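Residues per chain are reported as follows:
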Amino acid sequence: MATGKINVSVENIFPLIKKFLYSDHEIFLRELISNATDATLKLKHLTSIGEAKVEYGNPMIEVKVDKDKKRIHIIDQGIGMTEEEVKKYINEVAFSGAEEFLDKYKDAGKDAGIIGHFGLGFYSAFMVAEKVEIITKSHKDEPAVHWSCDGSPEFSIEPSDKKERGTEIILHIAEDSTEFLEDAKIRELLVKYNKFMPIPIKFGTKTETLPKPEGAKEDDPAPTQEVDDIINNPNPAWTKQPNDLSDEEYKNFYRELYPMQFEEPLFHIHLNVDYPFNLTGILYFPKLTNDLNIQKDKIQLYQNQVFVTDNVEGIVPEFLTMLKGVIDSPDIPLNVSRSYLQADGAVKKISSYITRKVADKLTSLFKNNREDFEQKWNDIKVVIEYGMLSEDKFFEKADKFALYPSVDGDFYTFEELEAKIKDNQTDKDDKLVVLYASDKEAQHSYIEAAKTKGYEVLLLDSPIVPHLMQKLETSKENLSFVRVDADHVDNLIKKEDTAISKLSEEEKEKLKTEIEEVTKDKGYTIQMEAMESSASPFIITEPEFMRRMKEMQQTGGGGMFGMGNMPDMYNLIINTNHELVSEILNTKTAKKRQRLINQSLDLARLSKGLLKGEELTNFIARSYDMIK
Ligand code: ADP
Ligand code: MG
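Let me sum up the structure you'll find in this document. (Residues numbered from 1 in each chain as written. Chains lettered and ligands numbered in written order. Predicted model: local features only at pLDDT ≥ 70, side-chain atom pairs only at ≥ 80, totals over all residues. Heavy atoms only, no water.)

## Quick look at the pairing of strand β10 (residues 267-273)
Here's step 1: When you tally the buried positions in β10, you get 6 out of 7 residues, the bulk of the element.
Here's step 2: Linking β10 back to strand β11 (residues 279-285) in an antiparallel pair, the connection comprises 5 residues. (Buried < 20%, exposed > 50% of the residue type's maximum accessible area, 1.4 Å probe, protein only. Helix = DSSP H or I, 4+ residues; strand = E, 2+ residues; numbered from the N terminus. Pairing = 2+ DSSP bridges.)

Next comes the structure, spelled out in C-alpha cells:
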C-alpha cells in the first residue's frame, strides 16, 4: 500500500470546507452524481468516436445507503480512472480546486447567495463524510485502484480487485451527518437535484403491478415484479426540439416539474439558443391562483440538466418570476454573488433574450388567435402590466398587444380604444380622457351615468394598474385616465357647455351652508353643481389624483411619501337642478330639511358602498319610518 500527502497549503482543509458551506451540505450528492454522469458521458463519447474499445451498453448510476455500516455508495459504469489519473485528478486537480475555491470565497460570507452551488466537486464529499474511498477501474486495460482518505491531507492508494469498469465512491458518513443515512432523505435529494439528469439513476427497487394473465379470476391478485427504481427522466422535454413536442407533451412536462400542481398552464415558451450564449428551457404562463402551494413552484435553474436553484433572481427579469418552468444554461456563472451576477454581461444578455422571447410569443398569440388571447387576458395581465412598467423594451412591444377590457367585456388595444373614443371623449383642452372602473358592482351607478353619455368605460382592476396608467399618461401625449367616480359625470370630461342652474347664487349658498352644517362631522367637501335634472341629487366622488397616489403608495413606490396612510378623501356633489334639491331648499322646518339631507346623503353613500354597520342599521330604520 502506498501513502502520500496531498499537496495543500492548508494543514487540514476539510473542517474549513465543512464550516464554509454549512447550509449547503446536501449538495455533496449532486456533485458526486454529476461526476458519475460526466464519467459515463465521457465514455459514451469515446466509444462513439472509437477511442474506447469497450461496449457502452446501457449504463446507469446506482446510489445505495447502508445504514448499519453508515455508508453511502455511488456507483457508475463510466470511464473510471487509472492509478495515474486518480493521483492527477483527485489528489492534484480536485484538491487544488477546493483550495482555490476556499481562497476565493473566504471573505464572501454566506449571504452571497449562489456561492456554494457549484465548484467544490468531489471535495464536497468531506462535508458529510469522515472518510471517503474511491474504487475505480478504468476502461483502459489497467488494474483497478483503491484510494482512501480520512479528511487529513494524507491518503492511501492500493490495488483493488474490482472487475467491472467504472467508479464506486464510498462515503463513511460522519456522526453529525447521519440524516443522510435515511432513505427518504436521499430520495428527496435525488428528486430535487437529479430528476432530469441524462444518465438513469437507480435507487433501490420498486414493485410493479403486471397485467393479469388471461383466464385469471376476478379476485386473483394481479402479479407483481420487483424492478429497479429509476428516479430520473434522462430526456426531459426542454432538451428536445420544439418540433418534436406536442402540446400534450408540454403539459405533461409541466406536471412532471410540479407534481402538486393541478391547473394546466395557459401556454408555453420554448427557449433555445446557442449563440452568443447557450440556453435552453421551457417557460409556462400559469393560471392565476391564490393557492400558496402553487406559488411555491418557481422557475428552476439547471446546468446541463443538473438542478442548481429555484431562485432565479437576477437571471430572469423580475416581472417574469411569476412564470413557471425550467431554464438550463452552462453560461450562468454560479460561484458568484448575486450582485456580481447581475453585472455579468452574459447574464444581462440572457435576461433580455428571455424578455424578448416572451414578448414575441405574446405577440404571436395575439395575432394568431385574438379570441383565445382575450380569454386568457385575466390570467396573464399582471405579468404583462408589470413588464410594461418595469422594462421599456417590453413596453414597446406590449403596447401593441396589451388589452384594455371594457365593463361590457369588449377588449381593445390602446390604438383601437383611441380610435373608438376620440370623438366623444376628448375634452376642451384636447386631452383624450379614458374612463375606467375598478369594481363593476361598487361603481355601478357611476358606470351607468357615464354610459348614458355614450362614454366607453374600461374595467381596470389589477393592483398595479394605477402605476401603469401613470406610465401611459407620461409616455403618450395628451392622455388622462379618470375613474368614473372621480367626479360627477359632466365633469369627468370637461367640454365647453356649462349647464344652467335652476337655483340662484344666493339659494345655492344658503343650501350649501346648511348641508355643510349637517354633514360637518363626516368630512365631505361640498360642491354645488348644475347637472341634468335626471342625474342623482347627491353624489359622492373620489378625486382621481389623491386616490391614485394613495393606491400607488399602497402597492409600492410611485406615490407621494406618507399618502398610503391618509384617510380617503370624498367630495359630496349636490345637483342643483334636481327636484329633490329644490324641495329641500323649500322645506319650511329645519328639522325636516336636515332629515332630507341626511337621508339623501345616506343614499349617496349607499350607492358608493360607504354605508355600513350601525349607520346602515339606522338608515334602514329611518327609511321604514318615512314610508309608514
Ligand atoms: P470537476 O467535476 O469539476 O472536474 P471534481 O472535483 O468534481 O471536479 O472532480 C475532479 C475530477 O475527478 C474529475 O474531473 C474527473 O476527472 C475525476 N472524477 C471524479 N469522479 C469521477 C468518476 N466517478 N469517474 C471518473 N472520474 C472521476
Ligand atoms: Mg464534478
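## Observations regarding the pairing of strand β14 (residues 324-328)
Sheet faces and side chains relate simply in a regular strand, where the side chains alternate between the two faces.
Here's step 1: With 5 of its 5 residues buried, β14 lies for the most part within the structure.
Here's step 2: Here β14 shows a buried face lined by K324, V326 and D328 and a second buried face lined by G325 and I327.
Here's step 3: As paired elements, strand β12 (residues 300-303) and β14 share 3 bridges and run parallel to each other. Looking at the pairing, Y302 lines up with D328 of β14.

## Here's the deal with the side chain of Q261
Here's step 1: Checked against the element boundaries, Q261 lands in the loop between α5 (247-257) and β10.
Here's step 2: For Q261, a relative accessible area of 2% corresponds to the buried category.
Here's step 3: Within the local environment of Q261, its side chain forms a polar contact with the side chain of Y254, the two groups lying 3.3 Å apart. (Polar contact = N/O pair within 3.5 Å; in protein donor to acceptor, adjacent residues only side chain to side chain.)

## So, the site of ligand 1
Here's step 1: The local shell around ligand 1 holds 10 residues, among which N35, A39, D76, G121 and F122 are the closest.
Here's step 2: Here an oxygen atom of ligand 1 sits 3.0 Å away from a polar atom, N or O, in the main chain of F122.
Here's step 3: A distance of 3.3 Å is found between a nitrogen atom of ligand 1 and a side-chain nitrogen or oxygen belonging to T167.
Here's step 4: With the chains in place, 76% of the 530 Å² that ligand 1 exposes on its own is no longer accessible.
Here's step 5: Put simply, the parts of the chain that give the shell around ligand 1 at least two residues each are α2 (27-48) and α3 (83-105).
Here's step 6: Among the elements that make up the shell around ligand 1, the one with the highest residue count is α3 (3 residues).
Here's step 7: Broken down by class, the residue content of the shell around ligand 1 amounts to 6 nonpolar, 3 polar and 1 charged. (Near = heavy atom within 4 Å. Areas by Shrake-Rupley, 256 points an atom, 1.4 Å probe, with all protein chains shown as cover. Nonpolar A, V, L, I, M, F, W, Y, C, P; charged D, E, K, R; others polar.)

## Here we look at the nonpolar core
Here's step 1: Grouped together as the largest cluster of nonpolar side chains are 61 residues, with contacts concentrated most on I72, F122, W147 and L171.
Here's step 2: The biggest single contributor to this core is α2, with 8 residues.
Here's step 3: Residues lining this core come from more than one domain, with at least three contributed by each of domain 1 (2-204) and domain 2 (237-378).
Here's step 4: For I72, the contacting residues outside a window of four places in its chain are F28, V63, K64, I169, I170, L171, I173, F180, L181 and I186.
Here's step 5: F319, I332, A398 and A402 belong to the second largest nonpolar core, which has 60 residues in total. (Core = buried A, V, L, I, M, F, W, Y, C linked by side-chain atoms within 4.5 Å. Domains from an automatic or database assignment. Contact = heavy atoms within 4.5 Å.)

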